[in-house]
2 protein chains.
Amino acid sequence: MPYSPPEMAEVPLQQIAITDAFWLEYQRLVKEVVVPYQWLALNDQVADAEPSHAIENFRIAAGQADGEFYGMVFQDSDVAKWLEAVAYLLAKSPDAELESTADRLIELVGAVQQADGYLNTYFTVREPQQRWTNLAECHELYCAGHLIEAGVAYYQATGKKRLLQIVSKLADHISDVFGPDEHQLHGYPGHPEIELALMRLYEVTSEARYLLLTRYFVEQRGSSPHFYDIEYEKRGKTSHWHTYGPAWMVKDKAYSQAHLPIALQTSAIGHAVRFVYLYAGVAHLARLSQDQEKREVCRRLWDNMTQRQMYITGAIGSQSSGEAFSCDYDLPNDTAYTETCASIGLMMFANRMLQMDADSRYADVMERALYNTVLAGMALDGKHFFYVNPLEVHPQSIKFNHIYDHVKPVRQRWFGCACCPPNIARLLASLGHYIYTQRPDGMDINLYVASEIVTAVDGKRWQVTQRGNYPWQDQLTIDIDCDGPLPATLGLRLPDWCAQPQATLNGQPLDPAALSQRGYLRLNRRWQAGDRIELQLPMPVTRVSAHPRVRHLAGKVAIQRGPLVYCLEQADNGSELHNLQLPDDASFTLIAGRGVLAGKTLLQAAGTRYAPGDHGGQPLYRFDAPAPVSSRQKLTFVPYFSWANRGEGEMRVWIDRRPSGN
Amino acid sequence: MPYSPPEMAEVPLQQIAITDAFWLEYQRLVKEVVVPYQWLALNDQVADAEPSHAIENFRIAAGQADGEFYGMVFQDSDVAKWLEAVAYLLAKSPDAELESTADRLIELVGAVQQADGYLNTYFTVREPQQRWTNLAECHELYCAGHLIEAGVAYYQATGKKRLLQIVSKLADHISDVFGPDEHQLHGYPGHPEIELALMRLYEVTSEARYLLLTRYFVEQRGSSPHFYDIEYEKRGKTSHWHTYGPAWMVKDKAYSQAHLPIALQTSAIGHAVRFVYLYAGVAHLARLSQDQEKREVCRRLWDNMTQRQMYITGAIGSQSSGEAFSCDYDLPNDTAYTETCASIGLMMFANRMLQMDADSRYADVMERALYNTVLAGMALDGKHFFYVNPLEVHPQSIKFNHIYDHVKPVRQRWFGCACCPPNIARLLASLGHYIYTQRPDGMDINLYVASEIVTAVDGKRWQVTQRGNYPWQDQLTIDIDCDGPLPATLGLRLPDWCAQPQATLNGQPLDPAALSQRGYLRLNRRWQAGDRIELQLPMPVTRVSAHPRVRHLAGKVAIQRGPLVYCLEQADNGSELHNLQLPDDASFTLIAGRGVLAGKTLLQAAGTRYAPGDHGGQPLYRFDAPAPVSSRQKLTFVPYFSWANRGEGEMRVWIDRRPSGN
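Residues numbered from 1 in each chain as written. Chains lettered and ligands numbered in written order. Predicted model: local features only at pLDDT ≥ 70, side-chain atom pairs only at ≥ 80, totals over all residues. Heavy atoms only, no water.

1. Notes on the overall build of chain A
Looking only at helices and strands, one finds 21 helices and 23 strands in chain A. Expected size for 662 residues packed as a compact globule is a radius of gyration near 26 Å; at 25 Å, chain A falls within 12% of this value. Along the first, second and third principal axes, the C-alpha atoms of chain A reach 75 × 70 × 50 Å. By residue count, 65% of the 662 residues in chain A fall in the buried class. A separation of at least 24 residues holds for 71% of the contacts in chain A among residues at least 6 apart in sequence. Accessible surface, chain A as shown: approximately 21,900 Å² in total, 50% of it carbon and sulfur. Distance from the positive charge centre (62 side chains) to the negative charge centre (75 side chains) of chain A: 4 Å. (Helix = DSSP H or I, 4+ residues; strand = E, 2+ residues; numbered from the N terminus. Rg over C-alpha atoms; globule rule 2.2 N^0.38 Å. Buried < 20%, exposed > 50% of the residue type's maximum accessible area, 1.4 Å probe, protein only. Contact = heavy atoms within 4.5 Å. Areas by Shrake-Rupley, 256 points an atom, 1.4 Å probe, with all protein chains shown as cover. Lys, Arg positive; Asp, Glu negative; His and termini not counted. Charge placed at Lys NZ, Arg CZ, Asp CG, Glu CD.)

2. Points about the environment of Glu10(B)
Residue and element names in this part refer to chain B. Relative to the helices and strands, Glu10 resides in the segment before strand S1 (16-18). Linking Glu10 and Glu68, residues 58 residues apart in sequence, is a C-alpha distance of 41 Å. Setting aside residues up to four positions removed in sequence, Glu10 forms contacts with Asn351, Gln355, His433 and Gln438.

3. Things to note about the relation of the copies chain A and chain B
Mapping chain A onto chain B calls for a screw motion: a turn of 180° about the axis and a shift of 0.0 Å along it, with 0.0 Å RMSD after fitting. Read as a symmetry element, the transformation amounts to a two-fold axis. Comparing contact sets, 100% of the residues at the interface of chain A also lie at the interface in chain B, consistent with an isologous, same-surface contact. (Least-squares fit on C-alpha atoms with pLDDT ≥ 70 in both.)

4. Focus on the nonpolar core
Trp23(B), Phe349(B) and Trp462(B) are the most contacted members of the largest nonpolar core, which has 232 residues in total. Those residues in contact with Phe349(B) that lie beyond four places of it in its chain are Phe275(B), Val276(B), Tyr279(B), Ala280(B), Ala283(B), Cys298(B), Trp302(B) and Met305(B). Ranked by size, the runner-up nonpolar core spans 230 residues in total, among them Tyr88(A), Leu98(A), Ala286(A) and Ala558(A). (Core = buried A, V, L, I, M, F, W, Y, C linked by side-chain atoms within 4.5 Å.)

5. Examining the pattern of salt bridges
Residue and element names in this part refer to chain B. In total, this model carries 91 salt bridges over all chains according to the counting rule given. Lys160 is the salt-bridge partner of Asp103, the closest N and O atoms lying 2.4 Å from each other. Of the two residues, Asp103 is situated in helix H4 (residues 96-112) and Lys160 in the loop between helix H7 (140-158) and helix H8 (162-177); the sequence distance between them amounts to 57 residues. By relative accessible area, which is 23% here, Asp103 ends up partly exposed. (Salt bridge = Lys/Arg side-chain N within 4 Å of Asp/Glu carboxyl O.)

6. Some thoughts on the packing of aromatic side chains
Summed over all chains, the structure comprises 62 aromatic pairs over all chains. Considering the side-chain rings of Trp462(B) and Trp527(B), the 6.2 Å spacing of their centres and the 45° angle between planes classify their relative orientation as tilted. Of this pair, Trp462(B) sits in strand S6 (residues 460-468) while Trp527(B) sits in strand S12 (residues 520-527), placing them 65 residues apart in sequence. Across the pair, exposure class does not vary: Trp462(B) and Trp527(B) are buried alike. Put simply, the rings of Phe22(A), Trp23(A), Tyr26(A), Tyr371(A), Tyr448(A), Tyr470(A), Trp472(A) and Phe641(A) touch in pairs and so form one group of aromatic residues. Over the ring of Tyr118(B) we find Arg131(B); its NZ or CZ atom is 4.0 Å from the centre of that ring. Here the basic side chain of Arg525(B) rests over the ring of Trp527(B), its NZ or CZ set 5.1 Å away from the ring centre. (Phe/Tyr/Trp six-rings, centres within 6.5 Å; stacked < 30°, edge-to-face > 60°. Lys NZ or Arg CZ within 6 Å of the ring centre and 35° of its normal.)

7. Thoughts on helix H1 (residues 21-42) of chain B
With 22 residues, H1(B) should cover 32 Å at 1.5 Å per step; its first-to-last C-alpha distance of 30 Å lies within 8% of that length. Downstream of H1(B) by a residue or two, Asp44(B) has a phi angle that is positive, lying close to 60°. (Expected span 1.5 Å × (residues − 1).)

8. Some thoughts on the packing of helix H15 (residues 340-356) of chain B against helix H16 (residues 360-376) of chain B
For any two helices packed against each other, one specifies the inter-axial angle together with the distance between the axes. Residues and elements named next belong to chain B. Direction vectors running N to C along H15 and H16 enclose 160°, while the axes themselves pass 9 Å from each other. As summarised for this structure, H15 and H16 are arranged roughly antiparallel, according to the angle between their axes. Viewed along their axes, H15 and H16 form a crossing whose handedness is left-handed. Within the contact between the two elements, H15 uses Thr340, Ser343, Ile344, Leu346, Met347, Ala350, Asn351, Met353 and Leu354 and H16 uses Tyr362, Ala363, Val365, Met366, Ala369, Leu370, Thr373 and Val374. (Axes fitted to C-alpha atoms, helices over the stretch in contact; angles between N-to-C directions. Parallel < 35°, antiparallel > 145°, perpendicular 65-115°, else oblique. Left-handed = near helix turned anticlockwise from the far one by under 90°.)

Written as structure tokens, this is what we have:
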């Protein structure tokens, strides 16, 4: 079958040094707080947190401890994600103690691997005879995928092959078990992840079988007769999950994007994390196998998701039931699920679309998800996390109205199902992979994160240095260093939120409009050491309006500056945020955040409030419907990612417009 | 214990002849369509409806048929409610065939009664040894209550004592089983109903034990140690309902208003139907036992419910989970449960408050619930019903977003749990009980329903005739007939929605303001035959605004004319109702409804629509936030009770205000 040799679109993290004030703080948190804290959690050494038992499961499966498996059927993936995050940290800065901890853990993982390559603590400990009998519900391939990602990352970071060999053996076992032959299982995962993992393994090993296996999983998906039904019958209709009734995961095939072959799928549907994980893998496969049809499927579904079902914060998943998409333009602010992991998966999908197509619309969404929902998933202290990221919160109602049972008004320490925290850790630790995309003829800058990257074009060193104080300031400098003249193309993303980008090259003005190709300012020239690009991305405070079909946003605006979406919090604006309006002609002033918000830019504008003062005694309904009394009130907006760091209170992103003249 | 002799606040239905065009049609529907249809349903003779099996359960329990009990544990109550509705019909117009059908059914019910008086088909057939072991969950006292109400009604309607004797024997059995003595159970129902039923039985029998038993149930409620826990332990922790986990009804005591003694309860809480049924009984008890403390409890909870947690349509129950209240000012329009039965129970509670306190605020809410939510519960064809009565519906989202799983965009034929349809039937058939309240010194008119009532003051005949075309027209005539001068007080309710009522007596203008006492125009005089009151209740189209704390209604108005709340439907206004605005200065014109809405007054006003035309291709978000393009559009409002009679489509009650000058 035709496929191109792997193109390493990702620059190894070792070649990227992040110097950005905004991101260094997060990377410090990941290294000094999140990863050590999560290691304690995985080892059940956090006093006031839910037990994890994840490491203990491995000890038991390895025969090094007695006991029973405890936790989710996918508990192994927490360990894998932690290892992957550690790999990214080690790639950036050696840490002998951390590395030896990781190496010992890797040996433990290896000790769990069976002779045939199988590796999963749940089934090894609890149901050794039931391997591969419940793909729809039991996450074996999902856990394998995360382990494979960790193996690839750890090899890339340390050059050590031990974990890579373990996961390659696991992948080989899987490719023996699954496939078109009669003796093989014709199935595919209930929770996608193995697909994108196998493609990463393919990139580092060049083993075609991994690409072929990915393609098999992708092309089998949704075919008839349905594999989930076949295995369900075969195992005597046992079911692992009963959340919405027995075998609901088997029956609701759209939940796993297995209701139709992907070629026939036309809209984002089902469990949001599954959706973006699946199509991240499909996009990666489409690129490396130059599969035009799959590329079109990815584009079509990307457009439906981002142009019909995505929140302004780059969040996806409009409903709690099934942690799922809803339908076009159904974007409730308060009952949304909008899981942190879903926005991380959205970034993964976006990055792979970007590697396939140099089109800034993918990077625009990637940046939106990163600076808003993904960052909001973690408290500024690095120790508390959100799964659910609503755009409107009313704490009192959360206590009494069960439509809000999934919503937390403040971040929690740890979770029994701990998918999000380690996902944030590995995302932040691997940020370099999202900043730049390597192209055969050069490189694109997707994210403006101050950093230094050393890459090569035609084997010649090419060093690019970004400087700036993004996302707070609009002035960016890009310096080039290379040995002698180097012909290459440098792409600079022109963000969707920026109306009038300006640029100079060595002091000479450039015409971004003229030089723009699909949202990137493309500079194709013979680069010299000392070349300097000054890029200015003016970030006036912008009012965002939504499509007229979004009934929850009629008459409202959201506030954005640069890549940051802002919100109103009770801490600054008092309660009853629904009674506040922003006049269309109000202008904004930038102010410096204080206390826990120090270093962040807040926004203020002269607004109005309906029915000020105490009105508890007023009747519930009035039949004269007086024009509401309104008073002037200064409105203070804080970056959405920093909300709920000052205790419990109301929050909302979308605020009522006050048309001029009122 | 001190108690006053029963005061018959309710005038027997035989003495009330409804002549009102609006209501005669509904009473015709009940007699010719609803009651016959429900008889077929109870006998499982409706082809395309869910089975009921309710009558068959009685046959099996009576030993007249073989088989197993089928249906809800409270299936008996459907039969009782049907019998009660039939009684009201027979009271109005004799019907030999219907009466003999009812008599045969009553004999069947009698055949199910055990020697000791016990009567319940579920326990008799399925768990004879488990009687009275699960009050929290199993509705025995609830079913008994409905049977008692039927017995009282059938006796009042026909003078026949058979069913009254059956239910009296049942009530006597219950009063033997429950009480303070050591050998008695110290429990009370999980679903209130027996309380108000026993009070009705007390009124027709003057048996003090029924009032004492009611008081025992009411005063035991919520005491510690908690009876639900005691019986739960005693029966080995078995549980009948698992909707929200095992024994959730036992654990969530607020769901049954059993979390605290009623004297300590301060807000409407839990299952909305349970709440209003309970306090209807408490109010009845408070009146007849002249219990000031219970009267205050009723007033306090009434005020919380109607001034913090009631929808403009007289609907209650803000959430689907537990079909329950939420918290103060949490009134979502689209996810509300707002059960038809809850508004019927609200009318029952209101009527008893009114009998205790001649204050129009109770009648105002009673009228609001009746003309809006209760009537909306039944289709204009009398054959389709709503359980859930939202104030905003978006059919497309209902299909995909599970927060709407309880919402139906159009009425259904019948339900497995069929509480609402027979409840509507008995309410409409007994409407006379709500129109008038008899007082020792005269009578109050609560509802303006054209009718003729023959009552007595000091044993002297006093006949009052209402004429008019309410709720469509504001002109009412009340004619008096009596034998010789008759000193009496006639109270005419001055509705909360009416700013300037006008009245004349025999052509002489009256001053409503001066003569008004707690919302009733009180005329205390020596009445003569031929006295005529002309009452005008101007009903301009009114904009209703909500309390500023209701975040779902900020910047919105509802439209009301007379007692009718109006709504926008897609059928008249196109889709995307959220893009419509009503200018503050727009005036309304009245138009005649056509087709299925013939005979109803619709409203029209010049409004505006944002973003008209097809905009499917527009981006989901725009960063320039243009002032929305808006065009003029005629808005058509239909009475809320008549919505969804023209197929599936969007509907909303609250519409965005467009401030003058925009």
